[in-house]
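Results of the structural survey
Now for the letters of each chain:
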Amino acid sequence: MDTITRVGVDLAKNVIQIHAVDAAERVVARRAIARNRFLSWFANLKPRLIAMEACSAAHYWARKLRALGHEVRLIPPQFVVPYRGVHVKNDALDAEATCEAASRPHMRFVPVKSPAQQSVLVLHRMRTGFVEERTALVNRLRGLLAEFGVFLPQGIGQLRKHFVDRVEDGNNELAGPARQALMRGWEQMQALDDEIAWFDRQIAEHASHDPQAQRCMDVCGVGRLTASAAVATVVDARQFKNGRQMAACLGIVPRQKSSGGKQRLGRITRQGNDYLRTLLFQGARSAILTAHRRDDRLSRWIVQLQARVGYYKTLVAVANKHARILWAVLAKGERFDPSYAPARTRMAAGA
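All values derive from a computational prediction rather than experimental measurement.

1. A few points about the side chain of Arg179
Among the secondary structure elements, Arg179 is positioned in helix H7 (residues 176-209). The side chain of Arg179 sits in the buried core without any salt bridge; Asp169 is the nearest counter-charge, 6.7 Å away. Within the local environment of Arg179, its side chain forms a polar contact with the backbone oxygen of Leu174, the two atoms lying 3.0 Å apart. Among all residues touching Arg179, those that are not within four sequence positions of it are Val167, Glu168, Asp169, Gly170, Asn172 and Leu174.

2. What about the nonpolar core?
Of all hydrophobic cores here, the largest spans 40 residues; its most connected members are Cys216, Val234, Met246, Leu250, Ile252, Ile302 and Leu326. The set of elements that each furnish at least two residues to this core consists of helix H8 (211-216), helix H9 (224-234), helix H10 (243-249), helix H11 (274-290), helix H12 (297-309) and helix H13 (311-332). A total of 10 residues in this core trace back to one element, the largest contributor, which is H13. If sequence neighbours within four positions are ignored, Cys216 has contacts with Val222, Ala227, Val231, Leu326, Val329 and Leu330. Leu11, Phe38, Leu74 and Val112 belong to the second-largest nonpolar core, a separate cluster that totals 22 residues.

3. A look at the packing of aromatic side chains
Applying the stated criterion across every chain, the model contains eight aromatic pairs. Ring geometry for Phe163 and Trp186: centres 5.3 Å apart, planes at 10 degrees, overall stacked. Within this pair, whereas Phe163 is found in helix H6 (residues 156-168), its partner Trp186 is found in helix H7, the two being separated by 23 residues in sequence. On the basis of relative accessible area, Trp186 is assigned to the buried category, the value being 11%. Consider the rings of Trp198 and Phe199, whose centres lie 5.0 Å apart with planes at 85 degrees: the pair is edge-to-face. Relative accessible area serves as the criterion here: at 37%, Trp198 is assigned to the partly exposed category. An aromatic cluster is present here, built from Phe38, Trp41, Phe42, Tyr60 and Trp61 joined pairwise through their rings. Over the face of the ring belonging to Trp301 we find Lys321, whose NZ or CZ atom lies 4.8 Å from the ring centre.

4. Thoughts on the environment of Leu93
Along the chain, Leu93 falls in helix H4 (residues 91-102). C-alpha separation for the pair Leu93 and Asp10, spaced 83 residues apart in sequence, amounts to 8.9 Å. Ignoring sequence-local partners within four residues, the contact set of Leu93 consists of Arg84, Val86 and Val88.

5. Describing the sheet that holds strand E1 (residues 6-10)
Spatially, the five strands line up as an open sheet ordered E3-E2-E1-E4-E5, and their pairing is mixed. What marks the edges here is a single partner per strand, and that holds for strand E3 (27-34) and strand E5 (71-75). Ignoring which end each strand starts from, the neighbouring axes of this sheet average 20 degrees apart. Across five bridges, E1 lies against strand E2 (residues 15-21) in antiparallel orientation.

6. Digging into the pattern of salt bridges
Here the structure, examined in full by the defined rule, presents 13 salt bridges. Across the pair Asp94 and Arg84 runs a salt bridge, and its minimum N-O distance is 2.9 Å. Within this pair, whereas Asp94 is found in helix H4, its partner Arg84 is found in the loop between helix H3 (77-80) and H4, the two being separated by 10 residues in sequence. One salt bridge in this structure joins Asp296 and Arg294, with 3.7 Å as the shortest N-O distance. Take Arg294: its relative accessible area is 25%, and that puts it in the partly exposed class. Residues joined in a network through salt bridges with shared partners are Arg84, Lys89 and Asp94.

7. Side note on the packing of H6 against H7
Relative placement of two packed helices is described by the angle separating their axes and the distance separating the axes. Relative orientation of the contacting elements H6 and H7 amounts to 160 degrees, with a least axis distance of 10 Å. Comparing the axis directions of H6 and H7 gives the class roughly antiparallel. The element H6 and its partner H7 pack so that their crossing is left-handed. Residues Leu159, Arg160, Phe163, Val164, Val167 and Glu168 of H6 pack against Arg179, Leu182, Met183, Trp186, Met189 and Asp193 of H7. Looking at the contact of H6 with H7 residue by residue, the class counts come to eight nonpolar, no polar and four charged.

8. Here we look at H11
With 17 residues, H11 extends 25 Å between its outermost C-alpha atoms, agreeing within 8% with the 24 Å of an ideal straight helix rising 1.5 Å per residue. Among the structural elements, H9, strand E7 (265-268), H12 and H13 are those in contact with the buried residues of H11. Its side-chain oxygen at 3.1 Å from the backbone nitrogen of Tyr275, Asn273 defines the N-terminal cap of H11.

9. Points about the packing of H7 against H9
Direction vectors running N to C along H7 and H9 enclose 70 degrees, while the axes themselves pass 9 Å from each other. As far as their axial angle goes, H9 and H7 are roughly perpendicular. For H7 against H9, the interelement crossing comes out left-handed. Contact residues: Ile203, Ala204, His206 and Ala207 in H7; Arg224, Leu225 and Ser228 in H9.

Reading the values: the criteria
Residues numbered from 1 in each chain as written. Predicted model: local features only at pLDDT ≥ 70, side-chain atom pairs only at ≥ 80, totals over all residues. Heavy atoms only, no water. Helix = DSSP H or I, 4+ residues; strand = E, 2+ residues; numbered from the N terminus. Buried < 20%, exposed > 50% of the residue type's maximum accessible area, 1.4 Å probe, protein only. Lys, Arg positive; Asp, Glu negative; His and termini not counted. Salt bridge = Lys/Arg side-chain N within 4 Å of Asp/Glu carboxyl O. Polar contact = N/O pair within 3.5 Å; in protein donor to acceptor, adjacent residues only side chain to side chain. Contact = heavy atoms within 4.5 Å. Core = buried A, V, L, I, M, F, W, Y, C linked by side-chain atoms within 4.5 Å. Phe/Tyr/Trp six-rings, centres within 6.5 Å; stacked < 30°, edge-to-face > 60°. Lys NZ or Arg CZ within 6 Å of the ring centre and 35° of its normal. Pairing = 2+ DSSP bridges. Axes fitted to C-alpha atoms, helices over the stretch in contact; angles between N-to-C directions. Parallel < 35°, antiparallel > 145°, perpendicular 65-115°, else oblique. Left-handed = near helix turned anticlockwise from the far one by under 90°. Nonpolar A, V, L, I, M, F, W, Y, C, P; charged D, E, K, R; others polar. Expected span 1.5 Å × (residues − 1).

What follows is the structure in structure tokens.
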């Protein structure tokens, strides 16, 4: 046990696999440990480097192991896969691959979230689940009505406006039990609306009391939902060297297929946190829609870019720009200035 220098851990619900090596990369321990004995095994170990995949319960175990004095690193699962080697997957190989990945000098790690940050993300995830349930229910109600020749205009607002009148219309072919079933679906949708509204209020309260979230909301297109999610998800923006790295982590940079000195850029990578990326794109749509009403430097750039390359490429560019701006706001603690110009731009204008 004293010769262990690095431990790879594969987490699971009940049985946790560990893989430990010494300074010469020789295997010292390879075993499965029950969940209730996991912390006690590490309590008898001198402070060491412990690596885990950033998966379910990883942040909880990381906090507990840090309290025992260990250095804990969380690795994105997609970065562990290449170190598995063989085309076989089991807990022992996953723990070994995690241990090997942690030894790489250029490996990127996930910051450990605090209980408060995870609590905020619980609000976002529960809200997202309810929104998905409501969307599925709306599609179901609309499809069932179409079976009887009752067609509603597109949009959830139009469904709310016309649904009850169409169901209660005696001129359609709906039978009594079908009308009752559809009205129960209508009541369920109203209940989901109430739940989503409650989560919106909780997230808005977090954003209004968090100084970092308030600075993020200075950016046009970044509302309370995006600001709250960004603060809770990114944890520490200083983990990124610059704004481009944060944009790349969120998958808002083009995928490279370059070779032979020729640069070939494709679609965006769509890596990283898809929820935060979705919010950034929604905010970018809002910024593009209202850019012509503002006269700051960023808005003028958006208008000119859309005229040159079109809406969809501008959408990606603005989402990327917002990710970079959020990095500067979170990493440097500065407030957003829409009229800010880089030093090289000011020098060129002066020349």
